[in-house]
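Coordinates in review
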Amino acid sequence: MSIELAVVMDSIAHINIRKDSTFAMLLEGQRRGWQLYYATTGDLALESGMAMARLSALRVRDDPAGWFELGTPGWRPLGELDFALMRRDPPVDAQYLYDTHVLALAQRQGCRVVNDPQGLRDMNEKLYALHFPHCCPPSRVSRDPAHLREFVMQYQDCVLKPLDGMGGRSIFRARAGEDNLKVILETLTAGGQQMALAQRYLPEIRDGDKRILLVDGEPVPYALARIPPADDFRGNLAAGGRGEGRPLTDRDRWIAAEVGPELRARGMRFVGLDVIGDWLTEINVTSPTCIRELDAQFQLNIAGSFFDALEASLT
């Protein structure tokens, strides 16, 4: 009997298959003969304590002219399936958190959920990196604009971020004494109501913001350095950055060794670390990407390694 896998993701009709890591995973699962099912926002539910999903059988093709076919959707208990991949993009808002509660019940009822739902709730992608302060640049998280301004004045040149963003959105570089610093901090904190993150600016960003992928806590041997365009400081591919693959440095491997065992112990089986120069800046647990770019540049099969690990957990 084939292995059954459900993927909970954003609309498959709107992905870019050349860059989408979830799509790489689906291709690999299908290649192995697994039965794939698709669900998206609105397709998870609870019924008398049972985790349910409205699932559509899914077939995929590596063809930009038409990359998926869906069967007729129907409700099933998630506990009947072998695996569920939670691959929805941030923001991790209230609706996302409700989905993780459904998936936590599915896990108790027999479905192996990747990444672990409790970890998805606990590990804010900006904040969780600060559990490893020896790996990170100087940082401060606060709701208080004056507290954050004090940090900027101390380090002179800083990056300011919301805690729930992705793709480089609403990230600011600010220097001490700038006329707009006060309004940036008021905006990011919603006038002192929301936490924001300040980090010392790392000039090494010009050489790229490296994405290091971990499978069960072990790093893929190459990182994708996302290099900012000339008129921006953000390396995010969604913000116009250019991806360039590179072998991991000794420092990259050290960072992976510092954080990987804890992530594996917490059930975070596919994770992306963001590293600028020698410093860890984020730990991405929701829907880390860059599989397809690294596979293409280095003739890898990262999804294959990931699925090897999943299959090993069945024995």
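So, a few notes on the structure that sits alongside this text.

Each value, and the rule that gives it
- Residue numbers restart at each chain and count upward from 1, following the sequence in its written direction.
- Local features in a predicted model are, by the rule used here, given only for residues with pLDDT of at least 70; side-chain atom pairs are given and counted only at 80 or more, and totals for whole chains, interfaces and linings are based on all residues.
- Side-chain figures throughout are based on the complete set of non-hydrogen atoms in the structure, without hydrogens or water.
- Think of it this way: any DSSP run of H or I at least four residues long counts as a helix, any run of E at least two long counts as a strand, and we number them from the N terminus.
- Partly exposed describes any residue whose relative accessible area lies between the buried limit of under 20% and the exposed limit of over 50%, with all areas from a 1.4 Å probe on protein chains only and scaled to the type maximum.
- Two residues qualify as a contact provided that any one of their heavy atoms is within 4.5 Å of a heavy atom in the partner residue.
- Computed by Shrake-Rupley with a 1.4 Å probe, the accessible areas treat only the displayed protein chains as cover when residues are assessed.
- Lys and Arg are tallied as positive, Asp and Glu as negative. Neither His nor the chain termini are counted.
- Throughout, a charge is located at the NZ atom of Lys, the CZ atom of Arg, the CG atom of Asp or the CD atom of Glu.
- Residue types Ala, Val, Leu, Ile, Met, Phe, Trp, Tyr and Cys, when buried and joined through side-chain atoms within 4.5 Å, form a set referred to as a nonpolar core.
- Buriedness for pockets is judged along seven lines, at least five of which must meet protein on both sides within 12 Å for an open set on the 1 Å grid over protein atoms alone, while cavities are sets there where a 1.4 Å probe fits but cannot get out, and lining residues have an atom within 4 Å of a point.
- Grid points are joined across faces, edges and corners, and a volume is the space filled by probe spheres set on the points.
- Residues are grouped as follows: Ala, Val, Leu, Ile, Met, Phe, Trp, Tyr, Cys and Pro are nonpolar; Asp, Glu, Lys and Arg are charged; every other residue, Gly included, is polar.
- Whenever a helix is involved, its axis is fitted only over the stretch in contact; in every case the axis is a line through C-alpha atoms, and angles between N-to-C directions fall within 0 to 180 degrees.
- Orientation labels follow simple angle bins: below 35 degrees gives roughly parallel, above 145 gives roughly antiparallel, 65 to 115 gives roughly perpendicular, and whatever is left gives oblique.
- Note on convention: near helix rotated counterclockwise from far helix by under a right angle means a left-handed crossing. Clockwise means right-handed.
- DSSP-based pairing: two strands are paired if at least 2 bridges between them are found.

1. Quick word on the overall build of the protein
- Counting its regular elements, the protein contains eight helices and 18 strands.
- If you line up the protein on its principal axes, its C-alpha atoms span 65 × 45 × 40 Å.
- In the protein, buried positions account for 52% of the 315 residues.
- Considering only contacts in the protein between residues 6 or more positions apart, those separated by 24 or more positions represent 67%.
- For the protein, the exposed area adds up to about 13900 Å²; of that, 49% sits on carbon and sulfur atoms.
- For the protein, the separation between the mean place of its 36 positive charges and that of its 43 negative charges on side chains is 1 Å.

2. What about the nonpolar core?
- Of all hydrophobic cores here, the largest spans 40 residues; its most connected members are Leu 78, Leu 214, Leu 263, Val 271, Leu 273, Leu 280 and Ile 283.
- Ile 17, Met 25, Trp 67 and Phe 270 belong to the second largest nonpolar core, which has 34 residues in total.

3. Considerations on empty space enclosed by the protein
- In this structure the tally under the stated criterion is one cavity of 30 Å³ or more.
- Roughly 50 Å³ of internal volume is contained in the largest cavity.
- Along the walls of the largest cavity sit Met 25, Leu 85, Met 86, Arg 87, Val 114, Asn 115, Phe 270, Thr 286, Pro 288 and Phe 306, which together make up its complete lining.
- At three residues, the largest contribution of residues to the lining of the largest cavity is made by strand E7 (residues 83–87).
- For the lining of the largest cavity, the per-class residue count stands at seven nonpolar, two polar and one charged.

4. Focus: the packing of helix H1 (residues 21–31) against helix H8 (residues 302–312)
- Across the interface, H1 lies against H8 with an axial gap of 9 Å and an inter-helix angle of 60 degrees. Our classification of the angle between H1 and H8 gives oblique. The chirality of how H1 crosses H8 is right-handed. Across from Ala 24, Met 25, Glu 28 and Gly 29 in H1, the residues of H8 making contact are Ala 303, Gly 304, Phe 306 and Phe 307.
- Residue classes in the contact of H1 with H8 are distributed as five nonpolar, two polar and one charged.

5. Description of unusual backbone geometry
- Residue Pro 90 is joined to Pro 91 through a cis peptide bond whose omega torsion reads 15 degrees.
- Among the structural elements, Pro 91 can be located in the loop between E7 and helix H2 (94–108).
- Despite not being glycine, Ala 190 shows a phi value in the positive range, around 50 degrees.
- The topology assignment puts Ala 190 in the loop between helix H5 (181–188) and strand E12 (196–200).
- Ala 190 gets classed as partly exposed once you look at its relative accessible area, which sits at 37%.

6. Section: the pairing of strand E15 (residues 222–227)
- Of all six residues in E15, five are buried; the element is thus mostly enclosed.
- Here strand E13 (residues 209–215) pairs with E15 via three bridges, running antiparallel. Bridge pairing in E15 places Asp 209 opposite Arg 226.
- Here six bridges tie E15 to strand E16 (residues 242–247), and the two strands are oriented antiparallel to one another. Its bridge partner lying in E16, Tyr 222 is registered against Pro 247.

None of this, on its own, says anything about what the molecule does.
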